[in-house]
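Report on the structure
For reference, the chains in residue letters:
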Amino acid sequence: MRIAVHERYGPPEVVHLQEAADPTIGASEVLVRVEASTVGPSDSAGRSGTPRFARLFFGLTKPKHPVLGSDFAGVVERIGDDVSRFAPGDRVFGTLAPAMGAHAELVVIAEDAPIAHIPGKLDAAGAVATVDGFLTALPFLRDLAQVAPGQVVLVNGASGTVGSGAVQLAKHFGATVVGVCSAANAPLVASLGADRVIDYTREDFTEARGAYDVIFDAVGKRSFGAARRALAPHGIYLTTVPSAAIMVQWPLTRWFSGGRRAAIAFTGLRDIRIKAAELALLVELIEAREFVPVVDRVVAFDDIADAHRRVDTGHKAGSVVVAVSPAVSPGSSASAPSTKPAAA
């Protein structure tokens, strides 16, 4: 099989394809021929070794995860003797996280890990594009913020992978949703269910006072200090990006503040059994047309360095998909499917 590897930290050009032995499987494992994967910010951090604290996970001086990628979609190639949920030929998608290795033509995953049948008429590119945004946004909004009907949720970075997932989930939970993005991506965010869209180049959402029950900074661009006054008296600020400040603010505002709080979650490190159940929920929402993929573009496996370049710009809309198999056609999308219900 072919794999995408990097042996040193550096720019996108350090990633290249090479041949590797096909993996073997155990009795309770599934071998998937990957048709599509994604490149996201975590892959960019793993490739570049920046920010520096990322090396605590990826390796202090050189990469200890030479094959990046966690999310995959494809076809079951072979199953172990004890596997009962899947059969060869099944179309499946899921995630290896917190492990990596999905930038490969074959991956091995346990039957009870986050793997599910691809729902409905989604193709591999659409299926894999839903995984990271959903599995990241769900714990923030459902578990930390406990979003409920009547609340106002602001999503900063609403057109990105996690942000577009957060807009859809907040709407699913019954909230009024305000999305922050560029003017170019405003129609996309509105189509995902946002009740209002703020163009960040023309309006600073932090200048509002007491307006939002939840501020979810899906791109880590605004601090709790900057956003605090825009929160309602008992509002919560959430960020996906760790920093020294948030690691202090998280426990302090939880334990010693009766008012506005700050929080972070490390969603990729959660138990695979929890993520498996959440992937099943994702399937339900996709089948109910309450969650749709947003694909920025589809890049050929041979051009995976281009996918890293796109992520490094910080301006992608949705997921950058890598077409590992010729069955997935490279090209640009930068939009969501038109199947999203208008009421969603």
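Residues numbered from 1 in each chain as written. Predicted model: local features only at pLDDT ≥ 70, side-chain atom pairs only at ≥ 80, totals over all residues. Heavy atoms only, no water.

Once that is clear, we can look at the overall build of the protein chain. The helix and strand inventory of the protein chain stands at 9 helices and 16 strands. Taken against the 2.2 N^0.38 rule, which gives 20 Å for 344 residues, the C-alpha radius of gyration of the protein chain at 20 Å falls within 12% of a compact globule. Considered along the principal axes of its C-alpha atoms, the protein chain spans approximately 60 × 45 × 35 Å. Within the protein chain, buried positions represent 53% of all 344 residues. (Helix = DSSP H or I, 4+ residues; strand = E, 2+ residues; numbered from the N terminus. Rg over C-alpha atoms; globule rule 2.2 N^0.38 Å. Buried < 20%, exposed > 50% of the residue type's maximum accessible area, 1.4 Å probe, protein only.)

The next point concerns the packing of aromatic side chains. Enumeration according to the criterion identifies 4 aromatic pairs in this entry. Taken together, a centroid distance of 4.8 Å and an interplanar angle of 85 degrees make the contact between Phe57 and Phe58 edge-to-face. Look at Phe57 and you get partly exposed, because its relative accessible area is 32%. Residue classification places Phe58 among the buried residues on the basis of a relative accessible area of 8%. Its end group placed over the ring of Phe205, Arg222 keeps NZ or CZ at 5.8 Å from the ring centre. (Phe/Tyr/Trp six-rings, centres within 6.5 Å; stacked < 30°, edge-to-face > 60°. Lys NZ or Arg CZ within 6 Å of the ring centre and 35° of its normal.)

On the surface, Phe57, Met247, Phe266 and Leu269 cluster together to form a nonpolar patch covering roughly 370 Å² of accessible area. Following the sequence through the fold, Leu269 ends up in the loop between strand E13 (261-264) and helix H8 (272-287). Taking the relative accessible area as the measure of exposure, Leu269 reaches 59% and is therefore exposed. (Patch = residues over 30% accessible without salt bridge, like charges linked within 9 Å, V, L, I, M, F, W, Y side chains within 5 Å. Areas by Shrake-Rupley, 256 points an atom, 1.4 Å probe, with all protein chains shown as cover. Salt bridge = Lys/Arg side-chain N within 4 Å of Asp/Glu carboxyl O.)

What follows deals with the sheet that holds strand E11 (residues 212-217). A sheet is described by the order of its strands in space; here 6 strands give the open sequence E10-E9-E8-E11-E12-E13, paired in parallel fashion. The sheet is open, and its two borders are formed by strand E10 (196-199) and E13, each paired with just one other strand. Along the sheet, successive strands turn relative to each other by an average axial angle of 20 degrees, direction set aside. Taken together, the 5 bridges between E11 and strand E12 (residues 231-239) define a ladder with parallel strand orientation. By the bridge assignment, Ile215 is partnered in E12 with Tyr237. Across the sheet, helix H4 (residues 161-172) touches strand E8 (152-156), strand E9 (176-181) and E11, and the angle it forms with E8 is around 170 degrees. (Pairing = 2+ DSSP bridges. Axes fitted to C-alpha atoms, helices over the stretch in contact; angles between N-to-C directions. Contact = heavy atoms within 4.5 Å.)

In this section: unusual backbone geometry. At the junction of Thr50 and Pro51, the peptide bond is cis and its omega measures out at -5 degrees in the coordinates. Along the chain, Pro51 turns up in the loop between helix H1 (41-48) and helix H2 (55-58). Residue Pro98 is reached from Ala97 by a cis peptide bond, and omega for that bond is 10 degrees. Position of Pro98 relative to the elements: it lies in the loop between strand E5 (91-95) and strand E6 (106-110). Located in the positive-phi region is Gln146, a residue other than glycine, with phi close to 50 degrees. Following the sequence through the fold, Gln146 ends up in the loop between helix H3 (124-144) and E8.

Once that is clear, we can look at the packing of H3 against H8. Look at H3 against H8: their axes get within 10 Å of each other, and the N-to-C directions meet at 105 degrees. Put simply, H3 runs roughly perpendicular to H8. Contact residues: H3 offers Thr130, Val131, Phe134, Leu135, Leu138, Pro139 and Arg142, while H8 offers Lys275, Glu278, Leu279, Leu281, Leu282, Leu285 and Ile286. Here the residues of the contact of H3 with H8 sort into 10 nonpolar, 1 polar and 3 charged. (Parallel < 35°, antiparallel > 145°, perpendicular 65-115°, else oblique. Nonpolar A, V, L, I, M, F, W, Y, C, P; charged D, E, K, R; others polar.)

Right, let's talk about the nonpolar core for a bit. One finds Phe93, Leu141, Leu169, Phe216 and Leu238 to be the most contacted residues of the largest nonpolar core, which totals 57 residues. With 12 residues, H3 is the single largest residue contributor to this core. Looking at which domains feed residues into this core, each of domain 1 (2-131 + 293-323) and domain 2 (133-267) supplies at least three. Apart from the residues lying within four places of it in its own chain, the contact partners of Phe216 are Ala137, Phe140, Leu141, Leu154, Val155, Asn156, Val162, Ala166, Leu238 and Thr240. Formed by 26 residues, the second largest nonpolar core is a distinct cluster that contains Val92, Ile115, Val299 and Ile304. (Core = buried A, V, L, I, M, F, W, Y, C linked by side-chain atoms within 4.5 Å. Domains from an automatic or database assignment.)

With that settled, the discussion passes to the domain arrangement of the protein chain. In terms of domains, the protein chain is made up of domain 1 (2-131 + 293-323) and domain 2 (133-267). With centres defined by C-alpha atoms, the gap from domain 1 to domain 2 works out at 27 Å. In this complex, domain 1 contributes 10 residues to the contact, which on the side of domain 2 involves 12 residues. Summing both partners gives a buried area of about 770 Å² for domain 1 against domain 2, and 55% of it is carried by carbon and sulfur. Connecting domain 1 to domain 2 are 0 salt bridges. Remark: the boundary between domain 1 and domain 2 carries 8 residue pairs in polar contact (both at pLDDT 80 or more). Among the residues forming the side of domain 1 that touches domain 2, the class breakdown is 4 nonpolar, 5 polar and 1 charged. (Buried area = accessible area lost by both parts, 1.4 Å probe. Polar contact = N/O pair within 3.5 Å; in protein donor to acceptor, adjacent residues only side chain to side chain.)

Of all the residues in helix H9 (residues 304-313), the buried ones are Ile304, Ala305, Ala307, His308 and Val311. Seen end-on, H9 carries its buried residues on one side only, within an arc spanning 155 degrees. Where H9 is buried, its residues contact strand E1 (2-5), strand E2 (16-19), strand E3 (29-39), H1, strand E14 (295-300) and strand E15 (319-323). Of the residues trailing H9, Gly314 is marked for its positive phi of about 75 degrees. (Arc of directions from axis to C-beta.)

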